[in-house]
Amino acid sequence: MSMKINEIKEIFEKTPVDDIPKTAAAFKDDERSGVVKLVERYEKKYAAHLAELERLAEISAFEKGLREKGFRLIAGIDEVGRGPLAGPVMTAAVILPENCVIEGINDSKKLSPAKREALSAVIKEKAVSFAFGSASPEEIDEINILQATYRAMRKAIAALDPEPDFVLADAVTIPDIAVPQRGIIHGDAKSVSIGAASIIAKVERDAMMDIYGELYPGYGFEKNKGYGSAEHIEALKRLGPCPIHRKTFIKNFVEL
């Protein structure tokens with residue numbers, strides 16, 4: 001007597017992704033349409049898994065090259081929040097272990113909020129070390145956004161334990177750090193370490209802006225995360241600035 005389709009489905013659901021070909025082969029001769037569809041669906045899942053492993057290998061090339069030169073504690077660093085009208089600029093630094101595989105790591109902007117949050121938890125669990133650095137709206141107004149971003153990056157790097165022996169940064173060369181470094185254009189999509197940093201930085205800042213949305217209602221920080229949406233600018237003109245607005249960023253919208 002053949003197995004019920006629901007029983008076969010349960011077997012597939014419990015099969016680790018690397019074992020899908022073996023499970024699919026066991027049901028290849030079952031001609032029932034429901035089973036054929038199950039086999040096809042999980043074969044596609046396995047093909048997507050292989051493609052993702054290939055992509056991860058490609059974006060691990062910088063880290064691999066550095067390890068071949070003797071570096072072991074390679075930190076990726078990225079920022080989020082350079083453009084908003086309100087809130088801090090946030091940076092994160094992440095050291096991933098060698099041969100670490102976390103499927104889905106990419107430029108955080110290419111991921112849904114739910115996917116970012118799920119990946120952030122995995123990254124934090126698997127990382128050798130991770131740390132955050134931020135610069136306040138006051139710092140941004142005082143020294144400008146670029147210098148504030150560099151300051152926040154230095155804070156994140158300094159907070160890593162163990163200390164990195166090389167830093168990969170997204171697009172920039174960070175002044176005043178003793179660790180050797182390399183800036184990579186579009187690094188959050190080209191380096192697994194920078195991509196990981198971009199994800200946890202985004203999740204951390206978004207959570208912070210959700211809290212600010214409760215503290216300073218009316219601006220929609222929980223939705224716009226401080227960026228200059230039409231609704232945010234309208235509220236700014238109507239309510240005036242709040243303590244987390246960047247004065248140098250809003251001077252074209254309100255009189256200070």
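You'll find the structure just up there.
Residues numbered from 1 in each chain as written. Predicted model: local features only at pLDDT ≥ 70, side-chain atom pairs only at ≥ 80, totals over all residues. Heavy atoms only, no water.

### Examining the overall build of the protein
Each helix and strand in the protein was counted, giving 12 helices and five strands. What you see for the protein is a C-alpha radius of gyration of 23 Å, clearly larger than the 18 Å of a compact globule of 256 residues, by over 25%. For the protein, the spread of C-alpha atoms along the principal axes amounts to about 80 × 50 × 25 Å. Each of the 256 residues in the protein was classed as buried or not, and the buried ones make up 45%. Of the contacts formed within the protein by residues at least 6 apart in sequence, a portion of 64% connects residues at least 24 apart. (Helix = DSSP H or I, 4+ residues; strand = E, 2+ residues; numbered from the N terminus. Rg over C-alpha atoms; globule rule 2.2 N^0.38 Å. Buried < 20%, exposed > 50% of the residue type's maximum accessible area, 1.4 Å probe, protein only. Contact = heavy atoms within 4.5 Å.)

### Some words on the pairing of strand 3 (residues 129-135)
Residues Ser129, Ala131, Gly133 and Ala135 point to one face of strand 3 and are all buried, whereas Phe130, Phe132 and Ser134, pointing to the other face, are not buried. As paired strands, strand 2 (residues 89-95) and strand 3 are joined by seven bridges and run antiparallel to one another. Note on strand 3: the bridge partner recorded for alanine 92 is phenylalanine 132. (Pairing = 2+ DSSP bridges.)

### A word on the environment of isoleucine 105
As for its position among the elements, isoleucine 105 is in the loop between strand 2 and helix 5 (113-126). The spacing of isoleucine 105 and isoleucine 157 is 52 residues in sequence and 21 Å in space, taken between C-alpha atoms.

### Looking at the pattern of salt bridges
Evaluation of the coordinates by the stated rule reveals 12 salt bridges. Taking the shortest distance from any N to any O, the salt bridge between arginine 32 and aspartate 30 comes out at 2.7 Å. Judged by its relative accessible area of 29%, arginine 32 falls in the partly exposed class. A salt bridge links lysine 202 to aspartate 206; the shortest N-O distance between them is 3.2 Å. (Salt bridge = Lys/Arg side-chain N within 4 Å of Asp/Glu carboxyl O.)

### Considering the nonpolar core
Counting residues in hydrophobic clusters, the biggest one holds 20 residues, and the most contacted among them are Val94, Leu96, Ile102, Ile105 and Ile123. Of all the secondary structure elements, the ones that give two or more residues to this core are strand 2, helix 5 and helix 9 (192-215). Top contributing element to this core by residue count: helix 9, with six residues. Among residues more than four places away in sequence, those in contact with isoleucine 102 are Leu56, Leu96, Leu119, Val122, Ile123 and Lys126. If you look at the next biggest cluster of nonpolar residues, it comprises 16 residues, including Ala75, Ala131, Ala169 and Ile177. (Core = buried A, V, L, I, M, F, W, Y, C linked by side-chain atoms within 4.5 Å.)

### Brief notes about the packing of aromatic side chains
Under the counting rule described, the total for this entry stands at six aromatic pairs. Relative to phenylalanine 221, the ring of tyrosine 219 lies with its centre 5.2 Å away and its plane at 15°, an arrangement referred to as stacked. By way of ring pairs, the aromatic residues Phe12, Phe27 and Tyr42 are connected into one cluster. Directly above the ring of phenylalanine 249 sits arginine 246, whose terminal nitrogen or CZ lies 5.0 Å from the centroid. (Phe/Tyr/Trp six-rings, centres within 6.5 Å; stacked < 30°, edge-to-face > 60°. Lys NZ or Arg CZ within 6 Å of the ring centre and 35° of its normal.)

### Remarks on the environment of aspartate 165
Here aspartate 165 is to be found in the loop between helix 7 (145-159) and strand 4 (166-170). For aspartate 165 and arginine 67, which are 98 residues apart along the polypeptide, the C-alpha to C-alpha distance reads 11 Å. Once residues within four sequence positions are removed from consideration, aspartate 165 is found in contact with Phe71, Arg72, Leu73, Ile74, Val179 and Pro180. Of note is the side chain of aspartate 165, whose polar atom sits 3.0 Å from the backbone nitrogen of arginine 72. (Polar contact = N/O pair within 3.5 Å; in protein donor to acceptor, adjacent residues only side chain to side chain.)

That's the geometry; what it means functionally is another story.
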